[in-house]
Each structure stands twice: as structure tokens, then as C-alpha cells.
Amino acid sequence: MRVITGMARGRKLITVEGADLVRPTTDRVKEAIFNAIQFEIEGRTVLDLFAGSGQLGIEALSRGAAECYFADSAAQSINVVRQNVEHTGFTEQSHIVNMPFSAFLKSAKTKFDIALLDPPYERKLIQKALPLLIEKMNDSGVILCEHEKECVLPHNVGEWELVKLLKHGGTSVSIYRKNSGEGDDE
């Protein structure tokens, strides 16, 4: 596992050892995620929810994000995130929080421009997180959810709608944006 591009390009990252619930994002899927938002990262505030090793948030920082919040409920994951953030030199831009996603989203004071969700598969955590997350997103933001291809996420979550579905092998990435209301008759 490594940083694909940007300031920390090529840096190797560690992952959580022996944890059944941690499944690192493949380079191919990570590349697809960041290609979809490549012109939206610079100077933005990012959330890496269900951070695991922190590789998605670190990739965003490497590509120019202003700051990243890493949230995970597992202490072992948080320890790995800290090590990876230090190794890549992004300590100053990182906020690392050890708490369940619901508690974090309910207490967060920050509004996010980009949210990256990659929870353990088959637990319906994305479906539980999305309604809480949309309240913490800037209107021009984007939410990217990595999930198993069999998982079908809702088309709409409040005013946010599924605008794109990327498929790579057994993995899908659902991309949500706030509905601008353009074209609606009022």
C-alpha cells in the first residue's frame, strides 16, 4: 500500500495487522476515486470516515487538500493512521479522532468539502452514516462511498443524490452531490 501521487508520492503506508474488518483500498480503486475529484481537492477540507489506515485521507493531503479529519472507532486503526500521517509528513494538516462515526458526526463542528467513506463491508454502515454526514457537508461538496458491488445505496439522501457509480471488480464507488434544484419546476 502506497501513496499514488502528489507530495508524498511513492511513500509506503502500513495497515492494521490481523484485523478482519480492515480491507485496504486497492491502488486501482483509489486511482478511480481521485480521478473523479482530481480538480476539487486543492485547498479543501476532507473527511476520511472509517479511516482504517488513513490511506484515502493521506492521498487527498498528498494531492493538495488543506486538512483532513481521520475518524475511526478502532484504537488499533487510529494508531496506524497516526504512524502513516507522521511518516508522510502530514501531521500539521491532520485531525485524528478515535470515536464511532455517529458520535463523531453528531459532534463535529467542521463542514467538509470531500467525504471519503470506506467502512467494513456488509454492515450497512454507509446507509447509517449518510443521513448524519449530509448535515456536515458544504453545499458544493462531494461524498464518495466505497462498498462491495452487491451493496445498493439509496439514490437520494435528503437533498443529496447519487450522481455516479464507478465499478472495479468486486468494488463499487458511489458518488453523491447535493441536488442543485436546476430544472425543477417550482
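Residues numbered from 1 in each chain as written. Predicted model: local features only at pLDDT ≥ 70, side-chain atom pairs only at ≥ 80, totals over all residues. Heavy atoms only, no water.

A. Region of the structure containing the overall build of the protein chain. Secondary structure summary: the protein chain contains five helices and eight strands in total. The order of helices and strands in the protein chain, counted from the N terminus, is α-β-α-β-α-β-α-β-α-β-β-β-β. Taking 16 Å as the expected radius of gyration for a compact globule of 186 residues, we find that the protein chain reaches 15 Å, a close match to that expectation. When its C-alpha atoms are laid out on the principal axes, the protein chain stretches across 55 × 35 × 35 Å. Within the protein chain, the fraction of its 186 residues that count as buried is 49%. Considering only intrachain contacts with a sequence separation of at least 6, the fraction spanning at least 24 residues in the protein chain is 63%. As presented, the protein chain carries roughly 9300 Å² of accessible surface, and 47% of it is formed by carbon and sulfur atoms. Put simply, the protein chain has 22 plus and 26 minus side-chain charges, and the middle of one group is 4 Å from the middle of the other. (Helix = DSSP H or I, 4+ residues; strand = E, 2+ residues; numbered from the N terminus. Rg over C-alpha atoms; globule rule 2.2 N^0.38 Å. Buried < 20%, exposed > 50% of the residue type's maximum accessible area, 1.4 Å probe, protein only. Contact = heavy atoms within 4.5 Å. Areas by Shrake-Rupley, 256 points an atom, 1.4 Å probe, with all protein chains shown as cover. Lys, Arg positive; Asp, Glu negative; His and termini not counted. Charge placed at Lys NZ, Arg CZ, Asp CG, Glu CD.)

B. Just the pattern of salt bridges, in detail. Applying the stated criterion to the full structure yields eight salt bridges. In this structure, Glu59 engages Lys30 in a salt bridge whose closest nitrogen and oxygen atoms are separated by 3.8 Å. Pair noted here: Glu59 is in helix H2 (residues 55-62) and Lys30 is in helix H1 (residues 27-36), with a separation of 29 residues, a long-range link. Using a relative accessible area of 0% as the deciding quantity, one classes Lys30 as buried. (Salt bridge = Lys/Arg side-chain N within 4 Å of Asp/Glu carboxyl O.)

C. Spotlight on the pairing of strand E5 (residues 137-148). Counting buried positions along E5 gives nine out of twelve residues, so the element sits mostly inside the fold. By the bridge criterion, five bridges tie strand E4 (residues 112-117) to E5 in an arrangement that is parallel. Looking at E5, one finds that Leu117 is bridged to Cys145. For the handedness criterion, the β-α-β arrangement of E4, helix H5 (residues 125-133) and E5 is classed as right-handed. (Pairing = 2+ DSSP bridges. Right-handed = clockwise from strand over helix to strand, strands pointing away.)

D. Summary view of H5. Looking only at H5, the buried set comprises Leu125, Ile126, Ala129, Leu130 and Leu133. Around the axis of H5, the buried residues are gathered within 125° of arc, so they sit on the same side. Summarising the contacts, the buried residues of H5 are in contact with strand E1 (45-49), helix H4 (101-107), E4, E5, strand E6 (156-157) and strand E8 (171-178). (Arc of directions from axis to C-beta.)

E. Region of the structure containing the environment of Lys178. With respect to the helices, strands and loops of the structure, Lys178 is situated in strand E8. Taking C-alpha positions, Lys178 is 22 Å from Phe50, a pair spaced 128 residues apart along the chain. Not counting residues within four places of it along the chain, the set of residues in contact with Lys178 comprises Asp139, Glu159 and Trp160. Polar side-chain contacts of Lys178 include one of 2.9 Å to the side chain of Asp139. (Polar contact = N/O pair within 3.5 Å; in protein donor to acceptor, adjacent residues only side chain to side chain.)

F. Region of interest: empty space enclosed by the protein. By the definition in use, this model includes one cavity of 30 Å³ or more. Computed from the structure, the largest cavity encloses a volume of approximately 30 Å³. As for the largest cavity, its lining consists of Ile33, Leu56, Leu116, Leu117, Leu144, Cys145, Glu146 and Val173. Elements that contribute at least two residues to the lining of the largest cavity include exactly E4 and E5. Of the residues in the lining of the largest cavity, the class split is seven nonpolar, no polar and one charged. (1 Å grid on protein atoms, 1.4 Å probe; cavity = no way out; pocket = protein on both sides within 12 Å on 5 of 7 lines; lining within 4 Å. Points joined across faces, edges and corners; volume = space filled by probe spheres on them. Nonpolar A, V, L, I, M, F, W, Y, C, P; charged D, E, K, R; others polar.)

G. Structural context of the sheet that holds strand E7 (residues 160-168). Sheet architecture is open: eight strands sit in the order E3-E2-E1-E4-E5-E8-E7-E6, paired in mixed fashion. Each having just a single partner strand, strand E3 (94-98) and E6 make up the two edges of the open sheet. Two strands pair when backbone bridges link them, and E1 and E4 are joined in this way by four bridges, in the parallel orientation. Of the residues in E4, the one forming a bridge with Val46 is Ile114. Docked against the sheet, H2 engages E1, strand E2 (67-72), E3, E4 and E5, running at close to 180° with respect to E2. (Axes fitted to C-alpha atoms, helices over the stretch in contact; angles between N-to-C directions.)

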